[in-house]
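Listed here are the chains, written in short residue letters.
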There are 2 protein chains.
Amino acid sequence: MKRSDRLVAMTNYLVEHPMELISLPFFSDMYGAAKSSISEDLAIINKVFKEDGIGYLESVSGAAGGVKYIPDVSKERAGKIIEKLCLELEDPSRILPGGYLFMSDILGNPSTVRNIGRLFASRFTGLNIDSVVTVATKGIPIAYAAAEFLHVPVIIVRRDPKVTEGSTVSINYVSGSSKKSKRWYCQNEA
Amino acid sequence: MKRSDRLVAMTNYLVEHPMELISLPFFSDMYGAAKSSISEDLAIINKVFKEDGIGYLESVSGAAGGVKYIPDVSKERAGKIIEKLCLELEDPSRILPGGYLFMSDILGNPSTVRNIGRLFASRFTGLNIDSVVTVATKGIPIAYAAAEFLHVPVIIVRRDPKVTEGSTVSINYVSGSSKKSKRWYCQNEA
């Protein structure tokens with residue numbers, strides 16, 4: 001495989017596997033290239049990812065070492081995403097009866113949701129996150145988007161546990177608005 | 001920008017924008033390269049995407065032309081994904097009281113969900129899909145994953161319409177299991 005081909009394949013592999021440690025021999029074997037060539041490829045990818053503002057490659061040395069794609073959003077890129085969101089949200093025709101804000105079109109756009117998830121994730125890549133927890137239902141898409149970039153599972157907390165979820169952990173709390181005691185249920189992950 | 005750098009940046013741009021028509025001048029301007037160089041880059045990317053079994057680039061000629069990344073999953077790649085899913089699902093310890101199947105761990109894994117979405121999407125790339133419709137709540141993550149690859153919005157159909165969703169379209173139906181009349185609500189997209 002030529003360098004140009006490897007760069008395309010490796011870029012795609014890395015962005016599809018964020019926060020996963022990939023050993024150099026894995027790439028060597030997969031693309032039939034020397035480790036030194038793979039290292040040079042990774043240096044090119046790292047440089048472009050940084051310039052593009054989508055993150056960087058972290059090298060882990062030693063026998064169990066390798067490379068990890070850390071998704072990150074540059075300030076400039078984040079600013080653009082947030083500015084576009086604000087522009088969309090400030091449209092007065094979004095105000096619904098009762099003063100609610102219509103956002104279903106924005107939250108129904110998968111690439112917007114993916115960008116929001118990436119923004120969230122980039123603030124947590126250094127914190128060894130175990131999982132992303134969300135409350136059903138509106139939060140689910142953003143939770144998945146963030147969890148994908150963090151390479152962790154999603155746990156959904158519900159008011160009404162479903163029999164298909166197996167055993168659950170529940171907590172009681174007093175609602176701030178209604179002052180009534182309520183209960184949340186959460187999947188009991190092994 | 002050198003070819004090696006462009007290949008990394010363009011690969012990432014294309015996989016982040018599936019089913020979007022991108023004009024050659026857009027890439028030319030962005031990376032400061034001649035259209036002929038960009039065409040050669042795209043040929044390399046197309047070849048590697050096909051070999052990798054993740055789709056292909058479609059060229060649209062003419063003044064309004066450009067290139068579009070069509071996500072597709074090769075039979076070989078699809079077989080591996082499905083086989084892995086089957087192996088996970090056939091574990092007898094998944095059977096819950098009442099004969100239900102525990103799947104929350106699988107559906108809580110964002111990369112599994114993304115792969116399932118990609119599989120679904122790859123069967124619909126040629127059909128000019130307008131949107132992906134899902135029934136709340138379990139279907140939401142897979143719907144978003146498929147919709148992302150198809151570059152279309154997600155519409156969520158619910159039993160209980162929320163005031164924050166604005167106007168809704170509803171349909172009545174008779175449930176096959178309970179023989180009772182029920183109603184589904186769907187966002188009324190502009």
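Each value, and the rule that gives it
- Residues numbered from 1 in each chain as written.
- Chains lettered and ligands numbered in written order.
- Predicted model: local features only at pLDDT ≥ 70, side-chain atom pairs only at ≥ 80, totals over all residues.
- Heavy atoms only, no water.
- UniProt positions renumbered as here; feature names shortened; annotations may be inferred.
- Core = buried A, V, L, I, M, F, W, Y, C linked by side-chain atoms within 4.5 Å.
- Buried < 20%, exposed > 50% of the residue type's maximum accessible area, 1.4 Å probe, protein only.
- Helix = DSSP H or I, 4+ residues; strand = E, 2+ residues; numbered from the N terminus.
- Contact = heavy atoms within 4.5 Å.
- Salt bridge = Lys/Arg side-chain N within 4 Å of Asp/Glu carboxyl O.
- Least-squares fit on C-alpha atoms with pLDDT ≥ 70 in both.
- Buried area = accessible area lost by both parts, 1.4 Å probe.
- Polar contact = N/O pair within 3.5 Å; in protein donor to acceptor, adjacent residues only side chain to side chain.
- Nonpolar A, V, L, I, M, F, W, Y, C, P; charged D, E, K, R; others polar.
- Axes fitted to C-alpha atoms, helices over the stretch in contact; angles between N-to-C directions.
- Parallel < 35°, antiparallel > 145°, perpendicular 65-115°, else oblique.

Under an unreviewed UniProt entry, chain A has the name Transcription regulator and belongs to Gracilibacillus boraciitolerans JCM 21714. The UniProt entry for chain A carries this comment under Subunit (unreviewed entry): "Homodimer."

Draft legend 1. Region of the structure containing the nonpolar core. Of all hydrophobic cores here, the largest spans 43 residues; its most connected members are Leu14(A), Phe27(A), Leu14(B), Phe27(B) and Leu42(B). The set of elements that each furnish at least two residues to this core consists of α1 (3-16), α2 (24-31), α3 (35-52) and β3 (66-71) of chain A together with α1 (3-16), α2 (24-31), α3 (35-52) and β2 (66-71) of chain B. If we skip the residues at most four places from it in the chain, Leu14(A) touches Ile22(A), Phe27(A), Leu42(A), Ile45(A), Leu57(A), Val67(A) and Tyr69(A). Leu150(A), Val113(B), Phe149(B) and Val152(B) belong to the second-largest nonpolar core, a separate cluster that totals 36 residues.

Draft legend 2. Structural detail: the pattern of salt bridges. All told, the structure shown has 22 salt bridges over all chains when counted by the stated rule. Residue Lys47(A) pairs with Asp5(B) through a salt bridge whose shortest N-O separation is 2.7 Å. With Lys47(A) in helix α3 and Asp5(B) in helix α1, the pair connects residues from two separate chains. In this structure, the salt-bridge partner of Arg6(B) is Asp41(B), at a minimum N-O distance of 2.5 Å. In this pair, Arg6(B) sits in helix α1 while Asp41(B) sits in helix α3, placing the two residues 35 residues apart along the sequence. Residue Arg6(B) shares its accessibility class with Asp41(B), and that shared class is buried. Taken together, the shared-partner salt bridges in this structure form one network comprising Glu16(A), Arg114(A), Arg118(A), Glu148(A), Glu16(B), Arg114(B), Arg118(B) and Glu148(B).

Draft legend 3. Spotlight on the relation of the copies chain A and chain B. Expressed as a screw operation, the relation of chain A to chain B combines 0.0 Å of axial shift with a rotation of 180°, fitting to an RMSD of 0.0 Å. Accordingly, the operation relating the two chain copies is best matched by a two-fold axis. The overlap is high: 98% of the interface residues of chain A also sit at the interface in chain B, so the same surface is used on both sides.

Draft legend 4. Region of interest: the interface of chain A and chain B. The interface of chain A with chain B comprises 51 residues on the first partner and 50 residues on the second. Taken together, the two surfaces of chain A and chain B that pack against each other cover about 4,100 Å², and 59% of this comes from carbon and sulfur. Linking chain A with chain B are 8 salt bridges, by the criterion used here. A salt bridge links Arg118(A) to Glu16(B), with the nearest nitrogen and oxygen atoms 2.9 Å apart. Our enumeration of links across chain A and chain B arrives at 12 residue pairs in polar contact (both at pLDDT 80 or more). Of all the elements in the fold, those that place two or more residues in the side of chain A that touches chain B are α1, α3, α5 (104-107), α6 (110-122), α7 (140-150) and β5 (154-158) of chain A. The biggest single contributor to the side of chain A that touches chain B is α1(A), with 9 residues. Class assignment for the residues of the side of chain A that touches chain B results in 28 nonpolar, 9 polar and 14 charged.

Draft legend 5. How the structure looks around the packing of α2(A) against α3(A). Residue and element names in this part refer to chain A. Relative to each other, α2 and α3 sit at 105°, their axes nearing to 9 Å. What the angle tells us is that α2 and α3 run roughly perpendicular. When α2 is examined against α3, the residues Leu-24, Pro-25, Phe-27 and Ser-28 are found in contact with a partner set consisting of Lys-35, Ile-38, Ser-39 and Leu-42. Partitioned by chemical class, the residues of the contact of α2 with α3 number 5 nonpolar, 2 polar and 1 charged.

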